Amino acid sequence: MSALPVSLPDLPEEISRQLSRAADLAGRGATRRDALPTAVPPLDRLLPGGLPRGALVEVTGGRSSGRFSLALSVLAAATEGGEAAALVDLGDHFDPQAAAASGADLPRLLWVRPRTLKEALLSAETVLSAGVPVVVLDLGLATSKISLAKRARHDFAFLRLSRTAGAHGAALLVLSPFHVAGPAAEAVLTASGTRAGWSRSLSGGRAALPLLLGLSSRLVLERLRGRRPGAAEPLPLRVPGALSSASHHASRLPDRSDVPARRAAQE
Amino acid sequence: MRLACLTVPMFPLAARLRSEPDLAGTAAAVFAGNGHAARLVAATRPARTAGLCPGMTLPQARAVLPKLVARGRDEAGERAASEALLDAAERISPRVEDGGEGVVYIDLDGLHRHFPDEKELGRALIAAAKREGLSARCGIAGSKLAAHVAASLPDSPVVVPAGGEAPFLAPLPLARLAPEVDLAGTLTRWGLATVGDFAKLPASEIAGRLGEAGRALHDVARGLDPRPFLPRRPPPGFTEGMSLEWPLVTLEPFLGMAEAALERLVRRLRDHASGCVRLDVELSLDPDGQDARSLSLPAPTRDVRTLLSLVRLNLESKPPGAPVSGFSFTAHPDAPRPGQLTLFGPAEISPDRLATALAKLFALLGEGRVGSPRAVDGHRPERFALVPWAPPPAPPERRPPREGRGLLAVRVLRPPLPLEVLVEENGPVSLRTLVSEKTKGTPDLSGAVRVASGPWHLEEGWWTGEGVARDYWDVELSAGPLCRIFRDTASGDWFADGVYD
């Protein structure tokens, strides 16, 4: 959408920026979907502009692939922008303290804690129907693939979810250890190639404690309507709060200078 | 002062027909009492046409009409119908008085500017009662008694002109004033047939001959009603329910009747621009018992299916333990949340849709599974608080997100996963997940440790006696996962409480 020309100089800039000419509206349907910027550069580059609204995006990956961090970043970006958001958390893995530290505005966040996959799918559909503009459906750390018979049912369920998201213009992000959404997904991303980052240094002539700095993985675009698949971006994730694990833990754990290893790390 | 009176003829029958509308066209009757002593109170038109009249016993009524549908008096249904009639009156006037048994008095002061005349006002009252499923009659006069008598006449609504109460009552038979039996006998012996005849007697002599009851009746006959108008206070909740003919053992037939009652309840809530924020369910159990339960909702709702789901889930999780012979629902109202649209900011969620969705989620998942998360003061990562979700108003403009995201998050494992850990000089070297019934379905974190970082000591709440002391380690397994594990220093047991993801 292009801004109005300066022919209306009386309008404040922030208003004129959001208005468009009638001629621009005609081609609006043909342009790509409105997107939610996530402020996670690899994601915003692979999905141009961010998470598409009115569509289902699936992110798959194994344990410690970074998909949960990605989801929290999306929730933080949405709530920080003033939008309501919902997390349907099948594995009950959410940590409010960590989410608040990463910038999420908790009062704008709805946390739904289903016990089963069926409850999770129904909950996601209910939340989308209510008009919540950003919904994350996390299917947890399940390790076994869903049986084919169940999978067929779930394909239909994800199609319903996708249509509900489309009808309400909501951005729906599905996190799963393996592909579940099938053709319902507008875009599919895979996080893989995870490597943890540790700091190793010598202190006082002896090996110091290795400190967790973060992890890095690779985000690969497997499918996006209208784009060629295969594009990849590195996804670096750092431990929150500081550049080192020591200060990360210092922000979460009480200070106990009598712990030898901790003292060694601080030297 | 001008008053209207709404009366529902044959109120016990009207209340029963409100709960069971299918009986309307059939030969049905309501009986009071038990067994052969039960007496007919009211009957539908087909039954009356066949010859049934009040006072008949059940065997007599069956002898006249073998296919008669007999019902007992429904206390819960009558109470609900009475409340519904009051609600209907309150839609027209804010000041109403409960006259009991299907009788409501309405203060008409200040209403005349809204209606062309009192006849129209009366018609509006009758229509409001009709919406609640009650066929009512209306009388309008300057006193409660005159209005009540006017309401009992055909060709409703009947309007008694101001100051015309005594002339209006005069030609009516004395029985209209419902005198006591002894008093009625005395008046008959005196040869008095109409209210006017009685009103003509000198007031000074009446008290001496007929006592206090006679004096009061004489005042009434002259159009003087000493009873003041007592407006009711709005009740804290709306109640609907009914007594069942046969005790129910299974859930499905009960839900059928519960749905109809909830629909009536929601209609009344909608008329008051309210939603249900708490639903009290009272069950009468056979042969003699009560079961009360209260269902809280996260936000006011008027969605019947949601309320019904809540009732179903609650009854399934905690069955009453005996056949149900009656029920009542009391909805505690609350104002729906207001919503404000913005021109340039993010769209706000419709409060009604949000309330309905929250109630559905609550019904689906139960208590403590839906809400807005809050961090709890402390260091244990598994702890959290949930509060009812009421998202704050959207900002006037959409704010761009902060740059530089990409923070590593931890998936918290609730409850922590028990581990068997092999420890050497530099820390854990191998993990094995301990499988139990409790940890069934949780991820397997077994494997050799590639890198371990720790211990990071956590101690909390030692002063409460319920504190914890843990030594935390960040470990990277050879198989890939990066986990957070801890050793409970009190027991020496190992657990995994998070996976970096």
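Secondary structure assignment for chain B yields 13 helices and 20 strands. The buried share of chain B, taken over its 501 residues, is 43%. Long-range pairs, those at least 24 residues apart, make up 59% of the contacts in chain B between residues at least 6 apart in sequence.

Let us now look at the pairing of strand 7 (residues 171–176) of chain A. Residue and element names in this part refer to chain A. Counting buried positions along strand 7 yields 6 of 6 residues, so the element is predominantly enclosed. Here strand 7 shows a buried face lined by A171, L173 and L175 and a second buried face lined by L172, V174 and S176. In this sheet, strand 7 lies alongside strand 3 (residues 55–61) in parallel orientation, the contact comprising 6 bridges. Residue pairing across strands places E58 opposite V174, the latter belonging to strand 7. As judged from the 5 bridges shared by strand 6 (residues 134–138) and strand 7, these two strands associate in the parallel manner.

On to the packing of helix 6 (residues 117–129) of chain A against helix 13 (residues 351–365) of chain B. The contact between helix 6 of chain A and helix 13 of chain B brings their axes to 9 Å, and the two run at 170 degrees. In this view, helix 6 of chain A runs roughly antiparallel relative to helix 13 of chain B, as classed from their interaxial angle. Touching E119, L122, S123, T126, V127 and S129 of chain A of helix 6 of chain A are A357, K360, L361, L364 and L365 of chain B, all from helix 13 of chain B.

A common way to state how big an interface is: give the accessible area lost once the parts meet. Counting residues at the interface gives 64 residues for chain B and 78 residues for chain A. For the side of chain B that touches chain A, the secondary-structure elements that each account for two or more residues are helix 13, strand 13 (370–374), strand 15 (410–424), strand 17 (447–460), strand 18 (468–477) and strand 20 (494–500) of chain B. For the side of chain B that touches chain A, the element with the highest residue contribution is strand 17 of chain B, accounting for 8 residues. Its residues placed into classes, the side of chain B that touches chain A shows 37 nonpolar, 10 polar and 17 charged.

Moving on, we get to the confidence of the model for chain A. Residue and element names in this part refer to chain A. In this model, chain A carries an average pLDDT of 78, and 69% of its residues clear a pLDDT of 70 or more. In the model, residues 1–6 has pLDDT below 50 throughout and makes 9 contacts with residues more than four positions away in sequence or in other chains. In the model, residues 26–32 has pLDDT below 50 throughout and makes 1 contact with residues more than four positions away in sequence or in other chains.

With that settled, the discussion passes to the sheet that holds strand 11 (residues 289–301) of chain B. Residues and elements named next belong to chain B. Spatially, 4 strands are ordered 9-12-10-11 in an open sheet, and the strand pairing comes out antiparallel. Here the strands that pair on one side only, and so sit at the sheet edges, are strand 9 (238–248) and strand 11. Going across the sheet, the axis of each strand differs from the next one's by a mean of 15 degrees, ignoring polarity. Examined bridge by bridge, strand 10 (residues 275–285) and strand 11 share 9 bridges and lie antiparallel to one another. Of the residues in strand 11, the one forming a bridge with D280 is S294. Along the sheet, helix 4 (residues 75–90) contacts strand 9 and strand 12 (324–334); its crossing angle with strand 9, the most-contacted strand, is approximately 155 degrees.

Moving on: the nonpolar core. Core analysis: the biggest nonpolar cluster contains 211 residues, and L75, V132 and V135 of chain A together with L6 and L85 of chain B have the highest contact counts within it. With 10 residues, helix 13 of chain B is the largest single contributor of residues to this core. The residues touching V132 of chain A, leaving out its near neighbours within four places in the chain, are A84, A85, A86, L110, V127 and A170 of chain A together with I349 of chain B.

Our next topic: helix 5 (residues 118–131) of chain B. Residue and element names in this part refer to chain B. For helix 5, spanning 14 residues, the distance from its first C-alpha to its last is 20 Å, which sits close to the expected 20 Å at 1.5 Å a residue. The set of residues buried in helix 5 consists of E118, L121, G122, L125, A128 and A129. Buried residues of helix 5, viewed axially, fall in a sector of 120 degrees; they line one side. For helix 5, the exposed residues set more than 90 degrees away from the buried face come down to E120 and K130. Turning to helix 5, the residues buried within the fold contact strand 1 (3–7), helix 4, strand 6 (103–107), strand 7 (137–141) and strand 8 (158–159). Looking one or two places after helix 5, you find G133, whose phi comes out positive at around 80 degrees.

Rules of the game
- Residues numbered from 1 in each chain as written.
- Chains lettered and ligands numbered in written order.
- Predicted model: local features only at pLDDT ≥ 70, side-chain atom pairs only at ≥ 80, totals over all residues.
- Helix = DSSP H or I, 4+ residues; strand = E, 2+ residues; numbered from the N terminus.
- Buried ≥ 20, exposed ≤ 12 C-beta atoms within 10 Å, placed from the backbone.
- Contact = placed C-beta atoms within 7 Å.
- Pairing = 2+ DSSP bridges.
- Axes fitted to C-alpha atoms, helices over the stretch in contact; angles between N-to-C directions.
- Parallel < 35°, antiparallel > 145°, perpendicular 65-115°, else oblique.
- Nonpolar A, V, L, I, M, F, W, Y, C, P; charged D, E, K, R; others polar.
- pLDDT = per-residue confidence, 0-100.
- Core = buried A, V, L, I, M, F, W, Y, C linked by C-beta atoms within 7 Å.
- Expected span 1.5 Å × (residues − 1).
- Arc of directions from axis to C-beta.

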